[in-house]
Amino acid sequence: MKKTTLLNGPVSAIIADMGHGDTLCVCDAGMPISPKIQKVDLAVTSGIPSFLDVLKSIIEELFVEQVIIAEEMKVQQPSLFLELSNQVAALEARQGNVIPIITTSHDELKKSVTNCRASIRTGECVPYANVILQSGVPF
């Protein structure tokens, strides 16, 4: 049995298979997910598991090079944006690299999800609780 933070087998396998520049979406319960990409549905009920809890577990395993969010998160969900920014800042310190937070429109973010390796659906029911993580190389 794994002893690291992320215990979910399908999510762990996706991360293990990612290469430099590959992307992974962590999204709220309402994000449309193309049938062209792999979907891991973790949603149990409203808010469970939360977007931030899932994100925190994933970034313990994934070396992140860049983060992409919808511009609307900053305006519509400022407390969520602040917490996401804090998690990214802590990850920068652990990884020893700068991780830019790129913003785009929510519509463009939804289009970009179709190019991700996979999408991890959480039980989050807060608008704009979506992020695309671009993997980097830890060397």
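It should be noted that the structure appears before, not after, this text.
Worth saying up front: this structure is predicted, and the values here are computed from it rather than measured.

What follows deals with the overall build of the protein chain. When its secondary structure is counted, the protein chain shows 5 helices and 6 strands. Along the protein chain, helices and strands appear, N-terminal first, in the series α-β-β-α-β-α-α-β-α-β-β. Going through the 139 residues of the protein chain one by one, you find that 43% of them count as buried. Residue pairs in contact within the protein chain that sit at least 24 positions apart in sequence constitute 87% of those at least 6 positions apart. Total accessible area on the protein chain is roughly 7100 Å²; 53% of this is exposed by carbon and sulfur atoms. Between the mean site of the 11 positive side-chain charges and the mean site of the 15 negative ones, the protein chain shows a separation of 4 Å.

So, on to the pattern of salt bridges. Scanning the model with the defined rule gives 6 salt bridges in all. Note that Glu-60 and Arg-94 form a salt bridge whose closest N and O atoms lie 3.2 Å from each other. Here Glu-60 is found in helix H2 (residues 51-61), whereas its partner Arg-94 is found in helix H4 (residues 78-95), with 34 residues between them in sequence. A network of salt bridges, in which partner residues are shared, links Asp-17, Asp-22 and Arg-117.

A separate point is the nonpolar core. Core analysis: the largest hydrophobic core is formed by 29 residues, its most contacted members being Leu-24, Ile-58, Val-131 and Leu-133. Counting 11 residues, the second-largest nonpolar core is a separate cluster that includes Cys-27, Ile-37, Leu-109 and Val-113.

Within strand E1 (residues 23-27), 5 of the 5 residues are buried, leaving the element largely enclosed by the surrounding structure. Residues Thr-23, Cys-25 and Cys-27 of E1 are buried on one face, and the alternating residues Leu-24 and Val-26, pointing to the opposite face, are buried as well. Summarising the sheet, E1 and strand E5 (residues 118-121) pair through 4 bridges and their orientation is parallel. Of the residues in E5, the one forming a bridge with Cys-27 is Arg-121.

Of note, the bond from Ile-48 into Pro-49 is cis; its omega dihedral lies within 30 degrees of zero at -10 degrees. Note on placement: Pro-49 falls in the loop between strand E2 (38-41) and H2. Even without being a glycine, Tyr-128 presents a positive backbone phi close to 70 degrees.

Further remarks concern the environment of Glu-65. With respect to the secondary-structure elements, Glu-65 resides in strand E3 (residues 64-70). C-alpha separation for the pair Glu-65 and Val-137, spaced 72 residues apart in sequence, amounts to 7.7 Å. What Glu-65 contacts, discounting residues up to four positions off in sequence, is His-20, Asn-97, Val-98, Ile-99, Pro-100, Gln-134, Ser-135 and Gly-136. Looking at Glu-65, its side chain comes within polar contact range of the side chain of His-20, at 2.6 Å. Within the local environment of Glu-65, its side chain forms a polar contact with the side chain of Gln-134, the two groups lying 2.7 Å apart.

This part takes up the side chain of Gln-87. Assignment of secondary structure puts Gln-87 in helix H4. Among the residues examined, Gln-87 registers a relative accessible area of 11% and is labelled buried. Excluding residues within four positions of it along the chain, Gln-87 makes contact with Leu-52, Leu-55, Lys-56 and Ile-59.

Conventions adopted
Residues numbered from 1 in each chain as written. Predicted model: local features only at pLDDT ≥ 70, side-chain atom pairs only at ≥ 80, totals over all residues. Heavy atoms only, no water. Helix = DSSP H or I, 4+ residues; strand = E, 2+ residues; numbered from the N terminus. Buried < 20%, exposed > 50% of the residue type's maximum accessible area, 1.4 Å probe, protein only. Contact = heavy atoms within 4.5 Å. Areas by Shrake-Rupley, 256 points an atom, 1.4 Å probe, with all protein chains shown as cover. Lys, Arg positive; Asp, Glu negative; His and termini not counted. Charge placed at Lys NZ, Arg CZ, Asp CG, Glu CD. Salt bridge = Lys/Arg side-chain N within 4 Å of Asp/Glu carboxyl O. Core = buried A, V, L, I, M, F, W, Y, C linked by side-chain atoms within 4.5 Å. Pairing = 2+ DSSP bridges. Polar contact = N/O pair within 3.5 Å; in protein donor to acceptor, adjacent residues only side chain to side chain.

Purely geometric numbers; function is a separate question.
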